[in-house]
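Listed below are the residues making up each chain.
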There are 2 protein chains.
Amino acid sequence: MAPPDERRRGRPRSVTADAILDAVESAGLDGFTVSGIASALGVRDGTIYNYFSSRQAIAMSAGTRALARLDLRSEHGDDWVDYLIGVNLELRRATAQMSGLSGYYLHGPYLPETLQVFDLQIDQVAGHLGLDVTDPAARDYAFILASFASTTTLNLLGAPTVPDDQVRAILRSILPALHSTLAGTPPTGVSWSALRSSLLKDSPTAD
Amino acid sequence: MAPPDERRRGRPRSVTADAILDAVESAGLDGFTVSGIASALGVRDGTIYNYFSSRQAIAMSAGTRALARLDLRSEHGDDWVDYLIGVNLELRRATAQMSGLSGYYLHGPYLPETLQVFDLQIDQVAGHLGLDVTDPAARDYAFILASFASTTTLNLLGAPTVPDDQVRAILRSILPALHSTLAGTPPTGVSWSALRSSLLKDSPTAD
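These figures come from a predicted structure and were not determined experimentally.

Attention now moves to the domain arrangement of chain A. All names here are of chain A. Taken as a whole, chain A is organised into domain 1 (4–51) and domain 2 (68–202). Across the boundary between the two partners, domain 1 contributes 4 residues, which contact 6 residues of domain 2. Summed over both sides, the interface between domain 1 and domain 2 buries roughly 490 Å², with carbon and sulfur atoms accounting for 56% of that surface. Applying the counting rule to domain 1 against domain 2 returns 1 salt bridge. At the surface where domain 1 touches domain 2, the tally comes to 3 residue pairs in polar contact (both at pLDDT 80 or more). Looking at side-chain class alone, the side of domain 1 that touches domain 2 contains 1 nonpolar, 1 polar and 2 charged residues.

Structure representation (structure tokens):
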């Protein structure tokens, strides 16, 4: 019979999926390793794989969990531009706190839950514009506006030094300019419904 | 002494760096493998490594060569907006012909030659705006405008179904809107000179 402290050392430390995702959030979505996370939690690498099938499955779950915290349902102001400004200021704060989240938001690979993050924004923008949210063409149009806002915010305005007021001012000028040029019709062949189907088809499962 | 055909089979087939890059261009910058390129050229994998040190070195050289073909010096019209429209229509054509080139242009990793592709655009935009092209602040400002144009073109308008006229109309509306809001000052802390230095420092060498 091994001495008590030996047995304690040999017993697997308990961990939860949430604790693993917390550790990934601290380490950063782009740079973490499974060994680093296991070491930070004081467990063996194999223990992590009891909860997630792969590093990518962990990354997708951590990205999805971080995005699920965004407040996408509230009005964020009077019109669709104010709404997208509010969402993108939240997105900027979230990506500033978690290295690699911006890349996940823009490029995936996505879990179906993350597609709902986009769908919620599309609902709100289409609603604010007075469009029929059940009409795929209206959703494609709202997608274009939301996508343009996020791409500009995370790329051009991604630096943490850019103050919120500047993000606000820039989105308030470029979004109406795009809307006025497109006048309700998405660029030819650019479709959220098509993209959404292809994303769902390609999406790897979480575990 | 081996029979003549045996000797011929054993002799390395000759290849050139340009032939390797041609093959990468056909296969696509994002999906090619060294074995696939070697096989397409009828040589052994090792022969490829006589010309390039790694897959990444090949990708960077192929991306750089494709971008070097862009016509960035010509006027492309009367003002900075027309200039950026002309450049980005060329960029769209080039990226449509070579899978993965868009990602290389937006994200690198870059060879120093590719930084010159950005510098040339900055020179032209600053010049069209009547700014002093030797002033780093003016170059930072021109960089913001050029970067916004390319990001929008390659992301929002990246689909080959979008006609040139639509790209033109959209850039003609959003670029002046951004310029009017920024009024000559880049977003706080966003700087081409700083980014350029960090890119040069991080840039892996070609071989």
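Once you've had a look at it, read on.
This part takes up the packing of helix α6 (residues 80–97) of chain B against helix α9 (residues 136–156) of chain B. All names here are of chain B. Close contact between α6 and α9 brings their axes to 10 Å; oriented N to C, the two are set at 40°. When the interaxial angle is binned, α6 and α9 end up oblique. Taken as a pair, α6 and α9 cross one another with a handedness that is right-handed. Of the residues in α9, those touching α6 at Trp80, Leu84, Asn88, Leu91, Arg92 and Thr95 are Leu145, Ala146, Ala149, Ser150, Thr153 and Leu154. Along the lines of polarity and charge, the residues of the contact of α6 with α9 split into 7 nonpolar, 4 polar and 1 charged.

Moving on, we come to helix α10 (residues 164–182) of chain A. An ideal rise of 1.5 Å per residue puts 27 Å on 19 residues; α10 of chain A measures up with 27 Å between its terminal C-alpha atoms. Among the residues of α10 of chain A, Val167, Ile170, Leu171, Ser173, Ile174, Leu175, Ala177, Leu178 and Leu182 of chain A are the ones counted as buried. Where the residues of α10 of chain A are buried, they touch α6 (80–97) and α9 (136–156) of chain A together with α9 and α10 (164–182) of chain B. Ala183 of chain A sits one or two residues past α10 of chain A and shows a positive phi near 50°.

The rules behind these values
Along each chain, residues carry numbers from 1 onward, in the same order as the chain's sequence is written. Going through the entries in the order they are written, you letter the chains from A and number the ligands from 1. Only residues with pLDDT of at least 70 get local features here, since the model is predicted, and only at 80 or more are side-chain atom pairs given and counted; chain-wide, interface and lining totals rely on the full set of residues. Values shown for side chains rest on all heavy atoms present in the structure; no hydrogens or waters enter the calculation. Reported domain spans reflect what an automatic or database domain assignment gives. Throughout, a residue-residue contact means that at least one pair of heavy atoms, one from each residue, lies within 4.5 Å. In short, buried area is how much 1.4 Å probe accessible area vanishes from two parts on joining, totalled over both. We define a salt bridge as a contact between a side-chain nitrogen of Lys or Arg and a carboxyl oxygen of Asp or Glu at a distance within 4 Å. Polar contacts, as counted here, are pairs of nitrogen or oxygen atoms within 3.5 Å of one another; within protein the pair requires one atom able to donate a hydrogen and one able to accept it, and residues that are adjacent in sequence qualify only if both atoms are side-chain atoms. Amino acids outside the nonpolar list (Ala, Val, Leu, Ile, Met, Phe, Trp, Tyr, Cys, Pro) and the charged list (Asp, Glu, Lys, Arg) are all regarded as polar, and Gly is one of them. To get an axis, fit a line to the C-alpha atoms, keeping to the stretch in contact for a helix; angles then go from 0 to 180 degrees between the N-to-C directions. In DSSP terms, a helix is any run of H or I states spanning at least four residues, a strand is any run of E spanning at least two, and both are numbered starting from the N terminus. Roughly parallel means an angle under 35 degrees; roughly antiparallel means over 145; roughly perpendicular covers 65 to 115; every other angle is labelled oblique. Should the near helix be turned anticlockwise from the far one by less than a right angle, the crossing is left-handed, and should it be turned clockwise, the crossing is right-handed. Helix span is expected to be 1.5 Å times the residue number reduced by one. For the exposure calls, accessible area comes from a 1.4 Å probe over protein chains only, and a residue counts as buried if that area is under 20% of its type's maximum, exposed if over 50%, partly exposed in between.

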